[in-house]
Amino acid sequence: MLFYSFFKSLIGKDVIVELKNDLNICGTLHSVDQYLNFKLVDITVMDCNKYPYMLGK
């Protein structure tokens, strides 16, 4: 529960999440649950050239 409490304190702040496939996503932390699933809003991909398919239309 230590990590859960820490991430709950970051709700509403800008964060960068690094996924296992080396994709970095920047966004505002909207919510987190006890399993440490994150919901981000207003996201952007940090390396658009490497992941062009992640760009919105």
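This one's a predicted model, so the numbers in the text were calculated from it and none came from an experiment.

Draft legend 1. Region of interest: the pairing of strand 3 (residues 38–45). As defined by bridge partners, strand 2 (residues 24–32) adjoins strand 3 across six bridges and the pair is classed as antiparallel. Following the sheet pairing, Leu29 is matched in strand 3 by Leu40. Linkage of strand 2 to strand 3, two consecutive antiparallel strands, is achieved through a turn of five residues, within which Leu36 is found at a positive phi near 65°.

Draft legend 2. Examining the environment of His30 more closely. Counting through the fold element by element, His30 comes out in strand 2. Assessed through its relative accessible area of 42%, His30 is described here as partly exposed. A C-alpha to C-alpha distance of 11 Å links His30 and Ile43, two positions 13 residues apart in sequence. Among all residues touching His30, those that are not within four sequence positions of it are Ile11, Lys39, Leu40 and Val41.

Draft legend 3. Molecular detail of the sheet that holds strand 2. Spatial ordering of the open sheet is given by 1-2-3, a layout of three strands whose pairing is antiparallel. A single partner strand is all that each edge strand has here, and the edge strands are strand 1 (14–18) and strand 3. The sheet shows a mean angle of 45° between the axes of neighbouring strands, taken without regard to direction.

Draft legend 4. Looking closely at the pairing of strand 1. Only one face of strand 1 is covered, namely the face carrying Val15 and Val17; the face carrying Asp14, Ile16 and Glu18 is uncovered. Judged from the five bridges that link them, strand 1 and strand 2 form a sheet pairing that is antiparallel. Across the sheet, Asp14 pairs through a bridge with Thr28, a residue of strand 2. The turn linking strand 1 back onto strand 2 is made up of five residues, and Asp22 within it adopts a positive phi angle of 70°.

Draft legend 5. The arrangement of the packing of aromatic side chains in detail. Taken as a whole, this structure holds two aromatic pairs when the rule is applied. With a centroid separation of 4.9 Å and 80° between ring planes, the pair formed by Phe7 and Phe38 is classed as edge-to-face. Of the two residues, Phe7 sits in helix 1 (residues 2–8) while Phe38 sits in strand 3, which places them 31 residues apart along the sequence. Under the relative-accessibility criterion, Phe7 is labelled partly exposed at 21%. For Phe38, a relative accessible area of 35% gives the class partly exposed.

What counts, and where the lines are drawn
- Residues numbered from 1 in each chain as written.
- Predicted model: local features only at pLDDT ≥ 70, side-chain atom pairs only at ≥ 80, totals over all residues.
- Heavy atoms only, no water.
- Pairing = 2+ DSSP bridges.
- Helix = DSSP H or I, 4+ residues; strand = E, 2+ residues; numbered from the N terminus.
- Buried < 20%, exposed > 50% of the residue type's maximum accessible area, 1.4 Å probe, protein only.
- Contact = heavy atoms within 4.5 Å.
- Axes fitted to C-alpha atoms, helices over the stretch in contact; angles between N-to-C directions.
- Phe/Tyr/Trp six-rings, centres within 6.5 Å; stacked < 30°, edge-to-face > 60°.

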